[in-house]
Amino acid sequence: MKKLKTISEQVYDYVIELISTKQLSPGEKITEQDLLQQLDTSRTPIREALKQLTSDGVLVNYPRKGFFVKEFNKETSILDYCIMSKLDSYAAELAVDYLTEEDFAKMQECIDNIDTALRAEPFDSYTIQLYQTHQSDFHSIYRKRCPNYRLVDLIDSILAGAGRAAPLYSTEPATIATMRECNNDHRKILQAFKDKDLETLNQLISAHWLITFDD
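The present account deals with the structure reproduced in this document.

What counts, and where the lines are drawn
- Residues numbered from 1 in each chain as written.
- Predicted model: local features only at pLDDT ≥ 70, side-chain atom pairs only at ≥ 80, totals over all residues.
- Heavy atoms only, no water.
- Helix = DSSP H or I, 4+ residues; strand = E, 2+ residues; numbered from the N terminus.
- Buried < 20%, exposed > 50% of the residue type's maximum accessible area, 1.4 Å probe, protein only.
- Contact = heavy atoms within 4.5 Å.
- Core = buried A, V, L, I, M, F, W, Y, C linked by side-chain atoms within 4.5 Å.
- Pairing = 2+ DSSP bridges.
- Axes fitted to C-alpha atoms, helices over the stretch in contact; angles between N-to-C directions.
- Polar contact = N/O pair within 3.5 Å; in protein donor to acceptor, adjacent residues only side chain to side chain.
- Parallel < 35°, antiparallel > 145°, perpendicular 65-115°, else oblique.
- Left-handed = near helix turned anticlockwise from the far one by under 90°.
- Nonpolar A, V, L, I, M, F, W, Y, C, P; charged D, E, K, R; others polar.
- Expected span 1.5 Å × (residues − 1).
- Phe/Tyr/Trp six-rings, centres within 6.5 Å; stacked < 30°, edge-to-face > 60°.

This part takes up the overall build of the protein. Helix and strand counts for the protein stand at nine helices and three strands. Counting from the amino terminus, helix and strand elements in the protein follow one another as α-β-α-α-β-β-α-α-α-α-α-α. Scored against the burial criterion, the 215 residues of the protein give a buried share of 40%. Restricting the contact set of the protein to residue pairs at least 6 apart, pairs at least 24 apart contribute 75%.

Burial of nonpolar side chains together is a common tendency in soluble globular proteins. Counting 29 residues, the largest nonpolar core has Met107, Tyr142, Phe193 and Leu201 as its most contacted members. Elements with a minimum of two residues in this core: helix H4 (74-95), helix H5 (101-119), helix H6 (125-143), helix H7 (149-162), helix H8 (173-195) and helix H9 (198-208). It is H4 that contributes the most residues to this core, six residues altogether. Not counting chain neighbours up to four residues away, the residues in contact with Tyr142 comprise Asp88, Ala92, Ala95, Leu99, Met107, Phe193 and Ile205. Ranked by size, the runner-up nonpolar core spans 17 residues in total, among them Tyr12, Val15, Leu18 and Ile30.

Next up on the list: the sheet that holds strand E2 (residues 59-62). With antiparallel pairing, three strands are arranged side by side in an open sheet as E1-E3-E2. A strand with exactly one partner marks an edge of an open sheet, and here the two such strands are strand E1 (29-30) and E2. Examined bridge by bridge, E1 and strand E3 (residues 66-69) share two bridges and lie antiparallel to one another. Residue pairing for E3: Lys29 is matched across the bridge by Phe68. Where helix H3 (residues 43-55) meets the sheet, its contacts fall on E1, E2 and E3, and the angle it forms with E2 comes to roughly 105°.

Here we take up the side chain of Ser206. Position of Ser206 relative to the elements: it lies in helix H9. A relative accessible area of 10% means that Ser206 is categorised as buried. Within polar-contact distance, the side chain of Ser206 engages the backbone oxygen of Ser85 at 3.5 Å. Polar contacts involving the side chain of Ser206 include one to the main-chain carbonyl oxygen of Asn202, which spans 2.8 Å. Contact partners of Ser206, with chain neighbours within four places excluded, come to Ser85, Lys86 and Ser89.

The geometry of H4 relative to H9 is characterised by a closest axis approach of 8 Å and an angle of 150° between their N-to-C directions. Considered as vectors, H4 and H9 are oriented roughly antiparallel to each other. For the element pair H4 and H9, the recorded crossing hand is right-handed. Mapping the contact onto sequence places Ser85, Lys86, Asp88, Ser89, Ala92 and Glu93 in H4 and Leu198, Leu201, Asn202, Ile205 and Ser206 in H9. Residues of the contact of H4 with H9, tallied by class, amount to four nonpolar, four polar and three charged.

We now examine H5. Across its 19 residues, H5 extends 27 Å between first and last C-alpha, which sits within 8% of the 27 Å expected from 1.5 Å per residue. Those residues of H5 that sit buried are Asp103, Phe104, Met107, Cys110, Ile111, Ile114, Asp115, Ala117 and Leu118.

What follows concerns the pairing of E3. In this sheet, E3 lies alongside E2 in antiparallel orientation, the contact comprising four bridges. Looking at the pairing, Asn61 lines up with Phe67 of E3. Adjacent in sequence and paired antiparallel, E2 and E3 are bridged by three residues, among which Arg64 carries a positive phi angle near 70°.

In this description, an aromatic ring pair is defined by two values, namely the gap between the centres and the angle between the planes. Within the structure shown, the criterion is met by four aromatic pairs. Plain terms: the ring middles of Tyr81 and Trp209 are 5.8 Å apart, the flat faces sit at 55° to each other, and that makes the pair tilted. Of the two residues, Tyr81 sits in helix H4 while Trp209 sits in the segment after H9, which places them 128 residues apart along the sequence. Summarising the burial analysis for this pair, Tyr81 and Trp209 share the class buried. Through pairs of rings, three or more aromatic residues link up here, namely Phe138, Tyr142 and Phe193.

Fair warning: the whole summary comes from geometry, so function is off the table for now.
See the structure below:
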């Protein structure tokens, strides 16, 4: 059974959705009052969400001015993903001997769910959200089996700033092609896990994290 999200987590997701659908633009201000008018909740979870969004690098909090959507910095994101490519491939390597058939089945389910999402019409922000959810679930399955919890904590910290903070995807036609390519990577990664092929696994995951920035 999935853990139910707290109100502050739901507010967090709501702000991320506003940014990813371009209802909030980089540099635009967002206030507690804005969210109070839009959501049926109290100030406390809104404040908690705004603080977490700031901690994760989604927002910037300027003293006496308030919260603003952080400007997207592609160069910084590339650097973060370069780090992720190495850390996550190492986490996968450490997890190989701990993965079970049930884990493999769950990973395959994530792949199938992405395929279903990418076949949907129209291709919109909801499709992107589904993709992001299932691909995140895919990678979290093997990370949960990684025995080095400090490594996993570090990965989560980088992802909070790089992955969740910057909505890199748009609804342009090229995006769906990139997502399909990423999901093909997932299939190859799953097979490498099953084969315990560490060299292939390392290569696949290292390249996988940088595909978003391929020209």
